[in-house]
Amino acid sequence: MNDRAAGASRTRTILPAAAGVVLGAGFLVLLWTSIDLGQVSALLARATLAPLFLALLAYAMDFVLRAVRFWYLLEPGETKRIALRPTVAPSSPASA
């Protein structure tokens, strides 16, 4: 690959990422300017924290379990075989 092709490839990679960062930052600014932070802090002060922490823990565990699942599925080697069959099979006319 020559230098010009490498530069074009790098631009095609960086440009969407930069656009995503700018768009995300714009939406965060829109969010922070359209809510009343005093009201949010008052609501959080009155909230029961145990269910909130439990929900955040479950949310974090979801990411951990997804990482473990994909690590297992994408592990190189032929030590395991994963059957690729449909999870929902159409019913046959005889059983209907």
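Look a little higher up for the structure.
Given the structure is predicted, the values throughout are model-derived calculations rather than measurements. (Residues numbered from 1 in each chain as written. Predicted model: local features only at pLDDT ≥ 70, side-chain atom pairs only at ≥ 80, totals over all residues. Heavy atoms only, no water.)

Draft legend 1. Spotlight on the overall build of the chain. Each helix and strand in the chain was counted, giving three helices and zero strands. If you list the helices and strands of the chain from N to C, you get α-α-α. Out of the 96 residues in the chain, the part that is buried amounts to 1%. Carbon and sulfur atoms make up 70% of the accessible area of the chain, which totals about 9,100 Å². (Helix = DSSP H or I, 4+ residues; strand = E, 2+ residues; numbered from the N terminus. Buried < 20%, exposed > 50% of the residue type's maximum accessible area, 1.4 Å probe, protein only. Areas by Shrake-Rupley, 256 points an atom, 1.4 Å probe, with all protein chains shown as cover.)

Draft legend 2. Region of interest: a nonpolar patch on the surface. On the surface, a cluster of nonpolar side chains totalling about 1,000 Å² of accessible area is made up of Leu28, Leu31, Trp32, Ile35, Leu37, Val40, Leu44, Leu49, Leu52, Phe53 and Leu56. Listing elements by their share of the nonpolar patch, those giving two or more residues are helix H1 (3–34), helix H2 (37–46) and helix H3 (49–73). With respect to the element layout, Trp32 can be found in helix H1. (Patch = residues over 30% accessible without salt bridge, like charges linked within 9 Å, V, L, I, M, F, W, Y side chains within 5 Å. Salt bridge = Lys/Arg side-chain N within 4 Å of Asp/Glu carboxyl O.)

Draft legend 3. Representation of the packing of aromatic side chains in the model. With the rule as written, the count across this model stands at one aromatic pair. Ring plane angle 90 degrees and centroid distance 5.1 Å describe the contact between Tyr59 and Phe63, whose orientation is recorded as edge-to-face. With Tyr59 and Phe63 both in helix H3 and four residues apart, this pair spans about one turn of that helix. (Phe/Tyr/Trp six-rings, centres within 6.5 Å; stacked < 30°, edge-to-face > 60°.)

Draft legend 4. Focus on the pattern of salt bridges. Taken as a whole and judged by the stated rule, the model has one salt bridge. Measuring nitrogen to oxygen at the nearest pair gives 2.7 Å for the salt bridge that ties Arg66 to Asp62. Taken as a pair, Arg66 and Asp62 lie in helix H3 at a separation of four residues, close to a single helical turn. Residue class for Arg66 comes out partly exposed when judged on its relative accessible area of 40%.

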